Amino acid sequence: MSYSKPSLATPSVISDFKEITKMRLALSVVFSSLAGYLLGVETVDFKTLVLLAFGGYFMVGASNAFNQIIEKDLDALMDRTKNRPIPAGRMSVNTAFVIASIFTLLGIIILYTINKQTAMFGAISIFIYTCIYTPLKTKTPIAVFVGAIPGAIPFMLGWVAATDDFGIEPGTLFALQFFWQFPHFWAIGWFLFEDYKKGGFYMLPTGKQDKGTAVQTIMYTIWTILVSIIPVFGFTGKLQLSIVAAILVFLVGLWMLYYAIGLFKKMTEKAAKQLMLVSVSYITLVQIIYVVDKFIR
């Protein structure tokens, strides 16, 4: 008896919705926003926390949906994306556009109810990701730099939602997540190099899986580590870090650096995938350490 795999041949409407908005990625972004909020707030307001979660999800979901509309023809060429709802023919461009538009409006409105600055940064994030980063991906590796801007906004956005202020504190949170994205996305670009090439995407800084890319990955990992421990020195206003927490953050950074150096030594897709997985754990652990340290310090 023959049968088809439900996950590939007949995905449900719900799974397509999750795919068009990249639910897993969106939830990780929401986590960063909530961490930033907890770092900036003096007294936790659960209403604001819920609004930030939903508003953040809608903004990220909108960006991802717009991205898949724009890249639908290129997605059809790559193994990792050819089964997405639009290139696979399960969702029309019009339907995806309606979802993206509704998510944009809901996201901006919800974030606006928190404060104007939060809504402004959310809108900026969608604009840069959709209108600048996405078109640049097939033209220049500089796209990763541009994409790191909206990618770094969520951590900082939480602080702005909590304080309605942009200063050294959210700027530091932005810098941390900004530098982190380079080794993270270059690792992805490395182990998916051949697949990306099918779609005309060149995500690596040198355009190749070479020592130059590996060295830059190491350098940006070091920058990430340095920025992550800055709050322990008292230069970042209300954003502070205890010595114990700074040591933990530093050690987690060395863990990521170990795998970045491993990529340089091995130059393999396996090493790149290991670095990517470790980088995801790194940013999550650092945010948890920051938050826990604040509330037990």
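Notes on the structure follow. (Residues numbered from 1 in each chain as written. Predicted model: local features only at pLDDT ≥ 70, side-chain atom pairs only at ≥ 80, totals over all residues. Heavy atoms only, no water.)

**Regarding the overall build of the protein chain**
- Scanning the protein chain from N- to C-terminus turns up 13 helices and zero strands.
- Secondary structure elements of the protein chain, listed N to C terminal, follow the sequence α-α-α-α-α-α-α-α-α-α-α-α-α.
- At 19 Å, the protein chain has a C-alpha radius of gyration in line with the 19 Å of a compact globule built from 297 residues.
- With the C-alpha coordinates aligned to their principal axes, the bounding extent of the protein chain is approximately 60 × 50 × 40 Å.
- In the protein chain, buried positions account for 49% of the 297 residues.
- For the protein chain, the exposed area adds up to about 14100 Å²; of that, 70% sits on carbon and sulfur atoms.
- Averaging the positions of the 24 positive and the 16 negative side-chain charges in the protein chain gives two centres separated by 6 Å. (Helix = DSSP H or I, 4+ residues; strand = E, 2+ residues; numbered from the N terminus. Rg over C-alpha atoms; globule rule 2.2 N^0.38 Å. Buried < 20%, exposed > 50% of the residue type's maximum accessible area, 1.4 Å probe, protein only. Areas by Shrake-Rupley, 256 points an atom, 1.4 Å probe, with all protein chains shown as cover. Lys, Arg positive; Asp, Glu negative; His and termini not counted. Charge placed at Lys NZ, Arg CZ, Asp CG, Glu CD.)

**Things to note about the packing of helix H3 (residues 23-40) against helix H4 (residues 46-70)**
- At a minimum axis distance of 9 Å, the contact between H3 and H4 shows a crossing angle of 140°. H4 is crossed by H3, and the crossing has right-handed handedness. Note on element contacts: H4 touches H3 through Thr48, Leu49, Leu52, Ala53, Gly56, Tyr57, Val60 and Asn64, opposite Met23, Leu25, Ala26, Leu27, Val29, Val30, Ser33, Leu34, Tyr37 and Leu38.
- Counted by class, the contact of H3 with H4 contains 14 nonpolar, four polar and no charged residues. (Axes fitted to C-alpha atoms, helices over the stretch in contact; angles between N-to-C directions. Left-handed = near helix turned anticlockwise from the far one by under 90°. Contact = heavy atoms within 4.5 Å. Nonpolar A, V, L, I, M, F, W, Y, C, P; charged D, E, K, R; others polar.)

**Brief notes about the packing of aromatic side chains**
- This structure, assessed with the given rule, holds 20 aromatic pairs.
- Measuring from ring centre to ring centre gives 5.7 Å for phenylalanine 17 and phenylalanine 103, while their planes differ by 70°; the resulting arrangement is edge-to-face. Of this pair, phenylalanine 17 sits in helix H2 (residues 13-20) while phenylalanine 103 is found in helix H6 (residues 93-114), placing the two residues 86 residues apart along the sequence.
- Phenylalanine 103 sits in the buried class, given a relative accessible area of 7%.
- With a centroid separation of 5.2 Å and an interplanar angle of 85°, the aromatic rings of tyrosine 258 and tyrosine 259 are classed as edge-to-face.
- Residue classification places tyrosine 259 among the partly exposed residues on the basis of a relative accessible area of 24%.
- Within the aromatic cluster, the residues linked to one another by ring pairs are Phe145, Phe174, Phe178, Phe179, Phe182, Trp186, Tyr220 and Trp223.
- Here the guanidinium or amino end of lysine 137 rests over the ring plane of phenylalanine 201, the centre of that ring lying 4.9 Å away. (Phe/Tyr/Trp six-rings, centres within 6.5 Å; stacked < 30°, edge-to-face > 60°. Lys NZ or Arg CZ within 6 Å of the ring centre and 35° of its normal.)

**Some remarks on the packing of H4 against helix H7 (residues 116-136)**
- Two elements in contact, H4 and H7, have axes separated by 9 Å at closest approach and are oriented at 15°. It follows from the interaxial angle that H4 and H7 lie roughly parallel. Once H4 is placed against H7, the crossing between them reads as right-handed. Across the interface between the two elements, Met59, Ala62, Ser63, Asn64, Phe66, Asn67 and Ile70 from H4 touch Gly122, Ala123, Ile126, Tyr129, Thr130 and Thr134 from H7.
- The residue inventory of the contact of H4 with H7, partitioned by class, reads seven nonpolar, six polar and no charged. (Parallel < 35°, antiparallel > 145°, perpendicular 65-115°, else oblique.)

**Quick notes on the pattern of salt bridges**
- One pass over the full model with this rule turns up eight salt bridges.
- One salt bridge in this structure joins aspartate 75 and arginine 84, with 3.1 Å as the shortest N-O distance. There is no split in this pair, since aspartate 75 and arginine 84 are both buried.
- Between lysine 197 and glutamate 194 there is a salt bridge whose closest N-O contact spans 3.7 Å. Placement of the pair is lysine 197 and glutamate 194 together in helix H10 (residues 193-199), with a separation of three residues, close to one helical turn.
- Accessibility expressed as a relative area gives 38% for lysine 197, which makes it partly exposed.
- If you follow the salt bridges from partner to partner, you end up with Asp79, Lys82, Asp195 and Lys198 in one network. (Salt bridge = Lys/Arg side-chain N within 4 Å of Asp/Glu carboxyl O.)

**Section: a nonpolar patch on the surface**
- A contiguous nonpolar patch, built from Phe31, Trp255, Leu285, Ile288, Val292, Phe295 and Ile296 and spanning about 640 Å² of accessible area, is present on the exposed surface.
- The leading source of residues in the nonpolar patch is helix H13 (residues 269-296), at five residues.
- Relative to the helices and strands, phenylalanine 295 resides in helix H13.
- Overall, phenylalanine 295 belongs to the partly exposed group, its relative accessible area being 47%. (Patch = residues over 30% accessible without salt bridge, like charges linked within 9 Å, V, L, I, M, F, W, Y side chains within 5 Å.)

**Re the side chain of threonine 118**
- Inspection of the secondary structure assignment puts threonine 118 in helix H7.
- Those residues in contact with threonine 118, other than ones at most four positions away along the chain, are Leu111, Leu157, Val160 and Ala161.

By themselves these figures say nothing about function.
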